[in-house]
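Now for the letters of each chain:
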There are 2 protein chains.
Amino acid sequence: MTAKRLSIYDTTLRDGAQCEGLSLSLEDKLRIAHQLDRLGVPFIEGGWPGANPKDVKFFWQLKEQPLTQAEVVAFCSTRRPGRTAADDPMLQPILAAGTGWITLFGKSWDLHVTEGLNTSLEENLAMIQDTIEYFRSQGRRIIYDAEHWFDGYKLNPSYALKTLKAAADAGAEWLTLCDTNGGTLPHEVTQIVSEVIAELGESVPLGIHTHNDSEMAVANAVAAVLGGATMVQGTINGYGERCGNANLCSAIANLQLKLGYHCLDDDQLAQLTETSRFVSEVVNLAPNDRAAFVGRSAFAHKGGIHVSAVQRNPLTYEHIRPEAVGNQRRIVISDQSGLSNVLAKARNFGINLDKTDPASREILDRLKGLEHEGYQFEAAEASFDLLVREALGQRERFFDVKGFQVHCTQAGGHEDSNALATVKVAVNGQDSLQAAEGNGPVSALDAALRKALVNQFPAIAECHLVDYKVRILDSQSGTSAKTRVLLESTNGHDRWTTVGVSANIIDASYQAVVEGLEYGLLLQKNAKKVIQTS
Amino acid sequence: MTAKRLSIYDTTLRDGAQCEGLSLSLEDKLRIAHQLDRLGVPFIEGGWPGANPKDVKFFWQLKEQPLTQAEVVAFCSTRRPGRTAADDPMLQPILAAGTGWITLFGKSWDLHVTEGLNTSLEENLAMIQDTIEYFRSQGRRIIYDAEHWFDGYKLNPSYALKTLKAAADAGAEWLTLCDTNGGTLPHEVTQIVSEVIAELGESVPLGIHTHNDSEMAVANAVAAVLGGATMVQGTINGYGERCGNANLCSAIANLQLKLGYHCLDDDQLAQLTETSRFVSEVVNLAPNDRAAFVGRSAFAHKGGIHVSAVQRNPLTYEHIRPEAVGNQRRIVISDQSGLSNVLAKARNFGINLDKTDPASREILDRLKGLEHEGYQFEAAEASFDLLVREALGQRERFFDVKGFQVHCTQAGGHEDSNALATVKVAVNGQDSLQAAEGNGPVSALDAALRKALVNQFPAIAECHLVDYKVRILDSQSGTSAKTRVLLESTNGHDRWTTVGVSANIIDASYQAVVEGLEYGLLLQKNAKKVIQTS
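Residues numbered from 1 in each chain as written. Chains lettered and ligands numbered in written order. Predicted model: local features only at pLDDT ≥ 70, side-chain atom pairs only at ≥ 80, totals over all residues. Heavy atoms only, no water.

Trainee: Honestly, the overall build of chain A in this entry has me stumped. Any pointers?
Mentor: Scanning chain A from terminus to terminus reveals 18 helices and 16 strands. Counting across all 534 residues of chain A, residues that qualify as buried make up 63%. A separation threshold of at least 6 residues defines the contact pool for chain A, and within that pool the share at least 24 residues apart is 67%. Surface summary for chain A: the accessible area is close to 19,500 Å², and the carbon and sulfur share equals 48%. Positive and negative side-chain charges in chain A, numbering 50 and 65 respectively, have mean positions lying 5 Å apart. (Helix = DSSP H or I, 4+ residues; strand = E, 2+ residues; numbered from the N terminus. Buried < 20%, exposed > 50% of the residue type's maximum accessible area, 1.4 Å probe, protein only. Contact = heavy atoms within 4.5 Å. Areas by Shrake-Rupley, 256 points an atom, 1.4 Å probe, with all protein chains shown as cover. Lys, Arg positive; Asp, Glu negative; His and termini not counted. Charge placed at Lys NZ, Arg CZ, Asp CG, Glu CD.)

Trainee: For this particular structure, what's the right way to read the interface of chain B and chain A?
Mentor: Buried accessible area, meaning the area lost when the parts come together, often serves as the stated size of an interface. Counting from both sides, the interface comprises 100 residues of chain B and, opposite them, 96 residues of chain A. Of the roughly 8,300 Å² buried where chain B meets chain A, counting both sides, 50% is carbon and sulfur surface. Linking chain B with chain A are 1 salt bridge. Glutamate 20 of chain B is the salt-bridge partner of arginine 330 of chain A, the closest N and O atoms lying 2.6 Å from each other. (Buried area = accessible area lost by both parts, 1.4 Å probe. Salt bridge = Lys/Arg side-chain N within 4 Å of Asp/Glu carboxyl O.)

Trainee: I keep staring at helix α1 (residues 26-39) of chain A and nothing clicks. Help me out?
Mentor: Three or four residues apart is the spacing at which side chains of an α-helix point the same way, because the helix has 3.6 residues per turn. All names here are of chain A. Compared with the 20 Å implied by 1.5 Å per residue over 14 residues, the 20 Å span of α1 between its first and last C-alpha is a close match. Counting buried positions over the 14 residues of α1 gives 10, a clear majority of the element. Of the residues making up α1, those classed as buried are Asp28, Lys29, Leu30, Ile32, Ala33, His34, Gln35, Leu36, Asp37 and Leu39. Contact partners of the buried residues in α1: β1 (7-10), β2 (43-47), α2 (53-64), α11 (266-269) and α12 (272-283). Downstream of α1 by one or two residues, glycine 40 has phi in the positive range, about 100 degrees. (Expected span 1.5 Å × (residues − 1).)

Trainee: Looking at this structure, I do not really get the packing of aromatic side chains. What am I missing?
Mentor: Given two aromatic rings, their pairing is described by the distance between the two centres and the angle made by the two planes. All names here are of chain A. Applying the stated criterion across every chain, the model contains 22 aromatic pairs over all chains. With 5.3 Å between their ring centres and 80 degrees between their planes, phenylalanine 58 and phenylalanine 59 make a pair best called edge-to-face. Residue classification places phenylalanine 58 among the buried residues on the basis of a relative accessible area of 0%. For phenylalanine 59, a relative accessible area of 2% puts it in the buried group. (Phe/Tyr/Trp six-rings, centres within 6.5 Å; stacked < 30°, edge-to-face > 60°.)

Trainee: Explain the UniProt feature "domain: Pyruvate carboxyltransferase" (unreviewed entry) in chain A here, please?
Mentor: On the UniProt side, "domain: Pyruvate carboxyltransferase" (unreviewed entry) is annotated at positions that read residues 6-270 of chain A here. The distance separating the terminal C-alpha atoms of residues 6-270 of chain A is 17 Å; by composition the span is 44% helix and 17% strand. (UniProt positions renumbered as here; feature names shortened; annotations may be inferred.)

Trainee: Got a minute to help me understand the nonpolar core in this structure?
Mentor: Here is a general trend for soluble globular proteins: nonpolar side chains tend to be buried in one another's company. Grouped together as the largest cluster of nonpolar side chains are 210 residues, with contacts concentrated most on Phe135, Tyr144 and Trp149 of chain A together with Phe135, Tyr144 and Trp149 of chain B. When neighbours within four sequence positions are excluded, tryptophan 149 of chain A is seen to be in contact with Ser108, Ala160, Leu161, Thr163, Leu164, Leu177, Cys178, Ile192 and Val196 of chain A. (Core = buried A, V, L, I, M, F, W, Y, C linked by side-chain atoms within 4.5 Å.)

Shown next, in the form of structure tokens:
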């Protein structure tokens with residue numbers, strides 16, 4: 001039996017772009033569209049042509065760099081009340097975008113027609129019908145998105161159904177039920193989708209478009225498919241307005257791996273993690289480590305006994321094989337680490353150690369010693385990798401640090417504070433003394449270090465700090481307690497985390513900055529055997 | 001008709017603490033427990049006594065600072081194979097913790113018994129039964145958590161049911177079905193819960209414990225309640241191992257506001273947003289702005305027409321009233337809704353403000369301005385109190401700070417680093433310039449400030465720093481991003497938290513140290529109306 005096929009419809013570039021804090025350049029949109037095309041998503045909603053110049057250019061540009069398999073879709077609303085579709089100038093840029101498919105959204109909820117559009121219920125039906133017929137007359141194929149469907153249907157099912165029938169009669173090839181406010185629960189979704197199919201028959205397939213306001217967007221998408229929907233709309237990583245849209249990474253993985261539907265080919269599914277991280281890099285939002293299926297922590301295991309059990313029989317501790325979505329099992333290093341944890345972890349970095357090798361014992365001892373001092377390698381794989389290399393005598397010394405000085409002054413108002421840092425670094429046996437200013441001591445140190453290194457190592461320019469966390473370790477000691485700094489860096493492709501510990505927060509930060517830069521150089525040098533910790 | 005009651009069971013302090021990157025001090029655990037108690041959660045799982053010294057101390061400490069309504073619960077596994085419960089030393093610290101309730105977890109899945117525990121299926125049943133009977137003989141009440149329930153039940157339902165029956169027969173008062181791997185889907189959960197109730201009857205109520213590996217934890221918790229479960233286990237903000245646990249903020253809001261169950265009183269439900277943010281501050285993880293119900297973006301509206309439609313008829317654009325969970329609508333233009341929050345918060349400090357008082361508006365404006373700069377007052381009540389007093393013209397200037405200088409040097413090895421700070425402070429119009437050394441810049445500043453103040457204010461000597469947390473606010477700006485420092489101080493009786501924000505971490509720390517000392521003086525002066533923030 002072949003698996004029932006579902007059509008995945010991505011709206012990262014349109015609805016996803018409504019996400020607070022997310023803004024996409026034209027180039028970003030093109031990069032994401034091509035990545036989605038490679039992933040095998042059949043429909044990619046590109047934007048609302050005419051809403052802004054960027055969306056117009058996006059569709060033009062795609063004609064020069066066409067997608068290989070996906071349909072790019074233009075999005076717009078029904079014509080405005082009281083005119084014909086051909087006379088509504090709003091619809092002309094949609095046609096000019098030149099897509100084969102158009103997604104048209106219209107009102108399902110009587111209240112939104114009378115209060116939002118200030119028009120009659122009849123006119124709304126005519127708007128849906130006219131607009132679809134007009135686009136059809138121009139040779140376009142139509143997906144109809146029924147906005148506020150679930151709320152409208154609950155309060156006035158007969159009118160809501162009329163809007164769908166108007167769209168179907170006019171020639172829409174898909175009818176998408178939208179939970180625009182995100183307030184519906186899965187058991188309601190399954191039931192309402194089933195009722196719609198009972199009412200309209202199966203001649204026009206249904207889609208589902210959900211929002212995450214109740215933390216139910218993915219569950220609702222799956223619930224709709226169980227009720228009979230065959231198109232799933234959502235965004236990569238669930239980006240979207242307010243609490244976001246249905247996260248396609250989770251929806252696809254659940255539907256295909258748990259319920260046996262076919263969304264993507266298996267090799268495409270294995271690109272899901274990479275796609276998630278690629279999109280988060282392009283939109284410049286920190287990836288959610290705890291994301292289902294594709295997150296960095298999704299298959300992370302702690303604790304000695306548990307870890308050896310996982311390795312013996314992974315499927316009793318993991319709900320899917322991480323490789324199926326292109327993710328990987330991660331053994332987390334913590335103060336309870338036994339030798340088997342350390343060896344498993346080292347293997348992730350391509351370092352094969354034997355239990356009986358004295359180096360293994362040495363690494364474990366150093367690890368325990370450093371953890372006792374307050375270092376934490378659970379989230380600092382890059383520092384762990386450097387530590388293993390050092391114990392094996394394989395740590396490459398790109399440079400040696402020889403101390404720093406930092407001077408901060410503040411004259412009374414906070415705007416007046418500034419910092420000056422001086423560092424001394426030796427590269428190839430040659431000392432370099434450099435100074436730099438910054439608006440804080442860590443940025444001044446970072447700047448001085450880069451100045452000292454960039455001529456010898458131009459790759460340093462591509463590395464930058466992504467996140468910085470500080471924790472007091474022994475709070476009883478007051479302000480002289482030890483502090484631990486975790487610092488996350490990126491070179492645009494990889495992310496890695498380093499750790500520093502000291503009673504002096506500047507010193508702890510400095511250690512983490514130095515190792516962060518060192519690891520960036522190591523990654524660049526070993527580009528062929530890149531160790532991706534993100 | 002009265003709403004059907006559900007029992008909420010929080011495991012933020014135990015299962016939530018498994019979250020990667022989250023580590024809780026004893027003090028953090030106590031603060032969170034008291035906040036959950038105020039929220040009205042009836043069961044708070046505190047940890048596994050004996051697993052580490054911190055968990056043992058937590059239960060002791062709670063006896064000195066008891067909760068007002070919640071039951072604190074100790075967590076542990078069944079006795080080990082091949083001995084009696086009374087002879088298993090692992091169980092003694094559980095009894096020593098002195099809780100009325102114990103949550104005991106045991107194996108439901110035959111494979112985990114034979115492969116994980118290396119014992120027989122019969123012995124596993126005996127382990128469940130014995131351990132419960134032993135704890136019951138010591139006067140304890142038992143919640144039984146059936147680990148890996150759903151996977152075990154799917155593969156061997158008759159054995160899985162035997163484990164539940166063993167627990168019920170031995171006297172467990174709740175049976176919790178756990179989706180430990182997080183791989184189950186909502187329609188399966190509803191069905192399996194119904195089957196269990198059909199099999200066991202309703203004499204022992206069921207609980208649900210879900211994980212988010214399929215992005216279904218909240219949906220599964222709701223699905224279980226629809227199937228008949230009456231206890232919901234989860235964590236604040238969904239913190240937990242891998243992809244996290246069921247997010248109680250979303251589960252409670254859905255169950256109470258959408259399905260009409262009673263989890264909390266209405267005024268407690270209105271503390272949900274504050275609780276979510278408080279916990280994220282204490283655990284030092286960035287709050288998820290896009291979180292359902294409690295996120296900063298959850299009720300954010302963009303766009304002019306949409307905004308006026310929202311204001312005319314909010315319930316057609318918002319799935320719930322944001323105030324029901326203590327959140328607020330956010331509109332790009334200035335909104336009024338923050339005022340009542342501010343007034344409510346000020347009342348916590350014994351300051352009664354009227355809505356029409358111009359000072360109220362001024363406080364709100366300053367608060368918004370400061371929050372825009374990155375200040376956060378959710379967990380920094382002392383700074384908030386100082387801000388309110390300042391707006392009312394009632395802030396007492398014990399001293400004025402007039403700038404600082406800090407000099408740090410490190411000669412190569414980390415042990416060599418040291419810091420020298422100079423501060424200028426005016427007391428009663430007299431400038432005092434003092435310098436001090438420290439092993440880090442903040443301790444040097446703290447020492448210099450104390451030197452400058454202690455003669456005039458001997459009470460300063462009793463204040464000291466308890467905890468210090470740093471967060472990068474705008475991680476895109478790299479090392480020059482703004483940092484926020486939260487600093488907790490104590491005088492031996494009270495604890496209070498202050499906040500500082502600056503691009504310069506030293507400056508941000510200095511602000512928090514200065515306000516921390518100022519608040520210590522205020523508390524000492526107003527000893528009769530002490531404000532306890534923990």
